[in-house]
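Take a look at the letters that make up each chain.
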Amino acid sequence: MIITAVRAIPLRCACSPISDALSTCSMRQALLVKIETNSGIYGIGEAFTYGAPLPVVQYIIEKQLGPMLLNENPENIEQLWNTLYWRTIAHGRRGLILAGLSGIDIALWDLLGKAVHLPIYKLLGAVSNQVPSYASGGFYGPGKGTAELALELEGYRKKGYRNAKIKIGRNLDRTGSPLRYMANQEWSVTAEEDIIRMETAREILENGRLMVDTNASWDSYTALEFGPELIRLKVSWLEEPIPFEDLEGLQRISKELPQIPIAGCETQQGLKNFETMVRMDALDILQPDIGWAGGFTECRKIGAMGEAAGRRISLHSFGSAVHFAASLHLAASMPNTEMIESEENPNSLKTDLTTKPFEADQYMNFYVPQEDGLGIDLDWTKIEKYTILN
Ligand SMILES: [Mg+2]
């Protein structure tokens with residue numbers, strides 16, 4: 001079997017505006033990768049793009065990385081991963097090049113699973129056929145106050161979730177707040193209101209776990225100031241509290257606030273960068289994104305490194321159905337998986353691309369798709385509907 005074509009498929013759909021501490025999203029996007037072979041089998045992946053211009057990532061995949069794969073055997077995944085990594089080493093290693101490589105890697109594993117008739121999580125050595133999850137939501141938005149947040153979280157409880165994560169840190173009036181640089185500064189709240197939002201969530205979740213995410217908008221001093229409130233409200237983890245490069249700041253928080261685990265970083269990439277953060281005690285719970293941090297090939301190594309260091313892993317997942325399926329397979333193959341992020345914002349690219357919805361038990365433990373490869377059946381008419389033409 002040899003690779004005959006590598007295509008990128010840019011998707012986009014409108015959504016009601018949602019804001020985290022910094023950015024606002026009113027348009028969801030995804031970049032799918034399709035790798036075709038002479039055997040008729042194809043693989044699908046997704047490169048996560050964090051709002052980057054889709055034509056740029058499409059160009060990287062189709063014109064730069066894709067040609068290196070033509071006529072190669074898609075079963076040699078580690079070989080191909082290293083080929084793409086090393087031939088782009090001077091300007092790559094991170095950013096959109098590694099995102100493109102991640103999407104390609106996912107497609108290669110999908111292909112391999114289809115070729116040998118196994119779901120990917122079994123190819124990797126399954127731990128379980130189910131993955132615990134938490135509801136990821138609690139964003140800021142137009143007309144959304146504490147009462148609306150409460151309603152949203154009650155909805156997650158009714159759906160079966162016991163654990164949830166909310167956004168905090170959208171505070172324009174805080175000294176040094178990076179929100180002042182963002183295009184949309186609406187729906188900002190005070191630090192006191194953020195505490196009320198956390199109290200509301202704590203009450204609704206009862207004994208369930210509450211996680212909070214500042215999307216890197218604080219500095220270490222703000223994190224330490226909030227410390228007593230986070231402890232009082234039994235926050236299970238503090239996600240990306242400060243800019244990712246401030247390793248000393250993360251160390252300081254970890255040392256002075258040992259009761260609150262630090263989680264991250266969806267924005268980090270590559271095994272070595274995660275290993276540095278773990279070794280420096282800057283990170284307690286690892287949250288790589290499979291479409292960004294290096295695909296199955298790199299992320300399972302990140303998981304194993306974390307396991308050796310006694311760290312738990314909770315995959316970030318904020319993409320399309322392809323991204324969520326890939327995350328489920330990877331999560332179900334790692335013994336230190338704690339929970340997976342289950343995004344609950346309305347997102348047609350997650351709920352409308354497959355012929356069957358993802359299935360979960362009454363507590364929202366997701367079942368891993370059992371068909372070959374990623375195990376999902378894509379609706380190509382829907383994919384065409386969301387495809388944007390450059
Ligand atoms: Mg996050």
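For the structure itself, look to the data block above.
Thresholds, definitions, all that
Residues numbered from 1 in each chain as written. Predicted model: local features only at pLDDT ≥ 70, side-chain atom pairs only at ≥ 80, totals over all residues. Heavy atoms only, no water. Axes fitted to C-alpha atoms, helices over the stretch in contact; angles between N-to-C directions. Helix = DSSP H or I, 4+ residues; strand = E, 2+ residues; numbered from the N terminus. Parallel < 35°, antiparallel > 145°, perpendicular 65-115°, else oblique. Left-handed = near helix turned anticlockwise from the far one by under 90°. Contact = heavy atoms within 4.5 Å. Nonpolar A, V, L, I, M, F, W, Y, C, P; charged D, E, K, R; others polar. Expected span 1.5 Å × (residues − 1). Donors = N, O, S within 2.8 Å, 3.2 Å for Na, K, Ca; no water. Buried < 20%, exposed > 50% of the residue type's maximum accessible area, 1.4 Å probe, protein only. Right-handed = clockwise from strand over helix to strand, strands pointing away. Pairing = 2+ DSSP bridges. 1 Å grid on protein atoms, 1.4 Å probe; cavity = no way out; pocket = protein on both sides within 12 Å on 5 of 7 lines; lining within 4 Å. Points joined across faces, edges and corners; volume = space filled by probe spheres on them. Salt bridge = Lys/Arg side-chain N within 4 Å of Asp/Glu carboxyl O.

1. Brief notes about the packing of helix 7 (residues 220-232) against helix 8 (residues 247-256)
- Between helix 7 and helix 8, the least distance of the axes is 9 Å, while the angle of their chain directions is 15°. By the angle between their directions, the pair helix 7 and helix 8 is classed as roughly parallel. Seen from above, helix 7 lies across helix 8 with right-handed handedness. Residues S220, Y221, A223 and L224 of helix 7 pack against G249, R252, I253 and E256 of helix 8.
- Looking at the contact of helix 7 with helix 8, its residues break down into 4 nonpolar, 2 polar and 2 charged.

2. Looking at the packing of helix 5 (residues 146-159) against helix 6 (residues 191-205)
- In the contact formed by helix 5 and helix 6, the axes pass within 10 Å of each other and the chain directions differ by 30°. On the basis of their axis angle, the class for helix 5 and helix 6 is roughly parallel. With respect to the hand of their crossing, helix 5 and helix 6 are arranged in right-handed fashion. Residue-level inspection shows T146, L149, A150, L153, E154 and R157 of helix 5 in contact with helix 6, the latter providing I196, R197, T200, A201, I204 and L205.
- Of the residues in the contact of helix 5 with helix 6, the class split is 7 nonpolar, 2 polar and 3 charged.

3. A short note on helix 10 (residues 295-308)
- In this model, helix 10 (14 residues) spans 20 Å end to end at C-alpha, consistent with the 20 Å of a helix rising 1.5 Å per residue.
- Note on helix 10: the residue one or two positions beyond its end, G310, has a positive phi of about 75°.

4. Observations regarding the coordination of the magnesium ion
- Protein ligation of the magnesium ion involves D213 (OD), E239 (OE) and E266 (OE), the donor distances falling in the range 2.0 to 2.2 Å.
- In terms of primary sequence, the donors binding the magnesium ion are separated according to D-x25-E-x26-E. Linking E239 in strand 8 (residues 235-239) with E266 in the loop between strand 9 (262-264) and helix 9 (271-279), this pair joins segments that are 27 residues apart in sequence. As far as the burial class goes, E239 and E266 line up, both buried.

5. Here's the deal with the pairing of strand 8
- The buried fraction of strand 8 amounts to 5 of the 5 residues, a majority that puts the element mostly inside the structure.
- What joins strand 7 (residues 210-213) to strand 8 is helix 7, and the crossover it makes is right-handed.

6. Quick notes on the sheet that holds strand 9
- Sheet architecture is open: 8 strands sit in the order 11-10-9-8-7-6-5-12, paired in parallel fashion. The open sheet has two edge strands with one neighbour each: strand 11 (312-313) and strand 12 (340-343).
- Where strand 6 (residues 164-167) lies against strand 7, 4 bridges are found, and the strand directions are parallel. Of the residues in strand 7, the one forming a bridge with A164 is L210.

7. So, the layout of surface pockets
- When its volume is computed, the largest pocket comes out at roughly 780 Å³.
- Taken together, 35 residues make up the lining of the largest pocket; nearest its centre are D20, S23, Y50, G51 and E266.
- By residue number, the principal contributor to the lining of the largest pocket is strand 2 (residues 24-37), which donates 8 residues.
- A breakdown of the residues in the lining of the largest pocket according to their chemical character gives 15 nonpolar, 10 polar and 10 charged.
- The space that makes up the second largest pocket amounts to roughly 310 Å³.
- In this structure, the second largest pocket is lined by 15 residues; those nearest its centre are K356, P357, P369, Q370 and G375.
- Of the residues assigned to the lining of the second largest pocket, the class counts are 6 nonpolar, 5 polar and 4 charged.

8. Examining the sheet that holds strand 2
- Reading across the sheet, the 3 strands line up as 1-2-3 and stay open at both edges, with antiparallel pairing between neighbours. Because the sheet does not close on itself, it has two edges, and the strands there are strand 1 (3-19) and strand 3 (42-47). Taking each pair of neighbouring strands and ignoring which way they run, the sheet shows an average axis angle of 20°.
- When strand 1 meets strand 2, the two strands line up antiparallel, connected through 13 bridges. By the bridge assignment, A14 is partnered in strand 2 with M27.

9. A few points about the environment of I44
- Positionally, I44 belongs in strand 3.
- Placed 177 residues apart in sequence, I44 and Y221 show a C-alpha to C-alpha distance of 44 Å.
- With residues up to four places along the chain from it excluded, the contact list for I44 reads V33, K34, I106, A107, D110, V322, L374, L378 and W380.

10. Some thoughts on the pattern of salt bridges
- Scanning the model with the defined rule gives 21 salt bridges in all.
- We note a salt bridge from E341 to K165, for which the minimum N-O separation is 3.1 Å. Taken together, the residues span a long stretch of sequence, with E341 in strand 12 and K165 in strand 6 at a distance of 176 residues. For the residue pair E341 and K165, the accessibility class agrees, reading buried in each case.
- A salt bridge links R209 to E338, with the shortest nitrogen-to-oxygen separation between them at 2.7 Å. With a gap of 129 residues between them, R209 in the loop between helix 6 and strand 7 and E338 in the loop between helix 11 (321-331) and strand 12 connect regions that are remote in the sequence.
- Overlapping salt bridges bring together D352, D379, K382 and K385 as one network.

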